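Fold and geometry: a report
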Amino acid sequence: MSPPRRRLVGGLDLGGTKIQAVVLDGRRAVIGEARNPTATSGGPQDVILGLVSTMGAACSEAGVEFSDLAGVGVGSPGAVDTKRGVVTGARNLPGEGAPIRVAAGFKTLADVRAYVDNDVTVGVYAEYVLGAARRSKSLLGVWWGTGVGGGIVLHGERWDGRGAAAELGHVVVKIDGAECTCGRRGCMEAYAGRGAMEIRARRLHKRGQKTDLFKIMEKRGRTRLTSGVWARALEQGDELATELMERALGALGAGVASAVNLLDPETVVIGGGLGTRLGEPYVERIREAMMPHLFVDERPPRVALAELGDLGGAIGAALLVPPGTPGRKR
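Residues numbered from 1 in each chain as written. Predicted model: local features only at pLDDT ≥ 70, side-chain atom pairs only at ≥ 80, totals over all residues. Heavy atoms only, no water.

1. Concerning the layout of surface pockets
In this structure, the second largest pocket spans a volume of roughly 250 Å³. Every residue lining the second largest pocket is counted, 13 residues in all, and those nearest its centre are R7, R28, L319, V321 and P323. For the lining of the second largest pocket, the class distribution of residues is nine nonpolar, one polar and three charged. (1 Å grid on protein atoms, 1.4 Å probe; cavity = no way out; pocket = protein on both sides within 12 Å on 5 of 7 lines; lining within 4 Å. Points joined across faces, edges and corners; volume = space filled by probe spheres on them. Nonpolar A, V, L, I, M, F, W, Y, C, P; charged D, E, K, R; others polar.)

2. Some points on helix α2 (residues 102-110)
Residues of α2 that are buried include every one of V102, A103, G105, F106 and A110, and no others. Summarising the axial view, the buried residues of α2 lie within an arc of 160°, below the 170-degree limit, and thus occupy one face. Exposed positions of α2 whose direction lies more than 90 degrees from the buried face are K107 and T108. Against the buried residues of α2 lie β1 (8-14), α1 (44-62), β4 (69-76), β6 (86-88), β7 (100-101) and β8 (114-118). Positive backbone phi, at 55°, marks D111, one or two positions downstream of α2. (Buried < 20%, exposed > 50% of the residue type's maximum accessible area, 1.4 Å probe, protein only. Helix = DSSP H or I, 4+ residues; strand = E, 2+ residues; numbered from the N terminus. Arc of directions from axis to C-beta. Contact = heavy atoms within 4.5 Å.)

3. Points about the sheet that holds β6
Pairing is antiparallel in the open sheet, where three strands are placed in the order β5-β6-β7. Because the sheet does not close on itself, it has two edges, and the strands there are β5 (79-81) and β7. (Pairing = 2+ DSSP bridges.)

4. Observations concerning the nonpolar core
With 49 residues, the main nonpolar core has L140, V142, W144, L213, W230, M245 and L252 as its most contacted residues. No other element matches the 12 residues that helix α8 (residues 239-263) contributes to this core. Apart from residues lying up to four places away in sequence, L213 is in contact with A201, L225, V229, W230, A233, D238 and A241. (Core = buried A, V, L, I, M, F, W, Y, C linked by side-chain atoms within 4.5 Å.)

5. Re the packing of aromatic side chains
As enumerated under the stated definition, the model contains two aromatic pairs in all. When the ring centre of Y125 is taken as origin, the NZ or CZ atom of R158, which lies over that ring, is 6.0 Å away. (Phe/Tyr/Trp six-rings, centres within 6.5 Å; stacked < 30°, edge-to-face > 60°. Lys NZ or Arg CZ within 6 Å of the ring centre and 35° of its normal.)

6. Quick word on helix α7 (residues 227-235)
When you tally the buried positions in α7, you get seven out of nine residues, the bulk of the element. Taken together, the buried positions of α7 are S227, G228, V229, W230, A231, A233 and L234. As for α7, its buried residues are in contact with α5 (194-206), α6 (213-219), α8, α9 (272-278) and α10 (280-290). Positive backbone phi, approximately 75°, marks G237, located one or two places after α7.

7. Considerations on the side chain of T54
Its place among the elements puts T54 in helix α1. With relative accessibility at 0%, the residue T54 sits in the buried group. Looking at T54, its side chain comes within polar contact range of the main-chain oxygen of G50, at 2.7 Å. Apart from the residues lying within four places of it in its own chain, the contact partners of T54 are L12, I19, A21, A34, R35 and N36. (Polar contact = N/O pair within 3.5 Å; in protein donor to acceptor, adjacent residues only side chain to side chain.)

8. A short note on the sheet that holds β8
The five strands lie next to each other as β3-β2-β1-β4-β8, forming an open sheet whose pairing is mixed. A strand with exactly one partner marks an edge of an open sheet, and here the two such strands are β3 (30-37) and β8. Within the sheet, the average angular offset between the axes of one strand and its neighbour, ignoring direction, is 15°. In this sheet, β4 lies alongside β1 in parallel orientation, the contact comprising five bridges. (Axes fitted to C-alpha atoms, helices over the stretch in contact; angles between N-to-C directions.)

9. Points about the pattern of salt bridges
Taken as a whole and judged by the stated rule, the model has 16 salt bridges. One salt bridge connects E179 with R185, and the closest N-O pair in it is separated by 3.9 Å. One salt bridge connects R299 with D264, and the closest N-O pair in it is separated by 3.4 Å. Here D264 lies in the loop between α8 and β12 (267-271) and R299 lies in the loop between α10 and β13 (302-305), a separation of 35 residues in the sequence. Classification of R299 as partly exposed rests on a relative accessible area of 49%. A relative accessible area of 44% places D264 in the partly exposed class. Connected via shared salt-bridge partners are D117, R158 and D160. (Salt bridge = Lys/Arg side-chain N within 4 Å of Asp/Glu carboxyl O.)

Set out below in structure tokens:
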């Protein structure tokens, strides 16, 4: 039996630059959405105020009241205490990693129950329930962006391990290889993470290697090499961008294939900022880069592009609200 339309839940994707909110009805259809920039100063309370404000805007767009929501889910970077609804160590948010008491903040400011989990984990789960892997029994999610995050679904259940499963970015692809931003060496993220790629691009450019990456960045009014900057440079055939992308694809192929050899999932979904921006052509290139490293190469997993796009994280966060949580009376 399909859930009733009147049961409404909210979802929030909390990022370092933006907060995305959605309202889902009982059939898990998006009926309202809103996006606001994340606070750049202040502390944890400013983050919570931004979350509540953005959720309120999504409710207004849906034509409902905050009080109509059965609950709100939040996908967040950092270390998440799911039982207490507290986020720590998110240094890309105001407060420099200080505890953000999300559940308590929503209870105080909006009188609604909030549930919190890792942002990549909820985005991957949304692709399993509603997106590219909805017909699969098992899934490996690869979220390719500033870093390389991941998520695992086995037999319909998320696999979190002891709280740190699917750290795909830190699968070692080369012993004593490039230094990763985590301080270790040879991690996939040291080659394929957008942050590490930028560090290497700046270093090589400073040594005299020609590139238009930073001209494109400045023209677009950016201070970082965003996914859009990389995409434009690659379209123009920029030699340094192409060199670093080839290096990244090789690392992704080896690292993702190693995870596939361990888990043998039906489907691999590629998402994240770079993954979704570069799209299907680069999903195909990752698929090709995996093949030489697969142990059972005669039946590789399906490799697909994430379908839910920018709303995937917020939709996945909304799925954190337990199914048994009743909708409020209208």
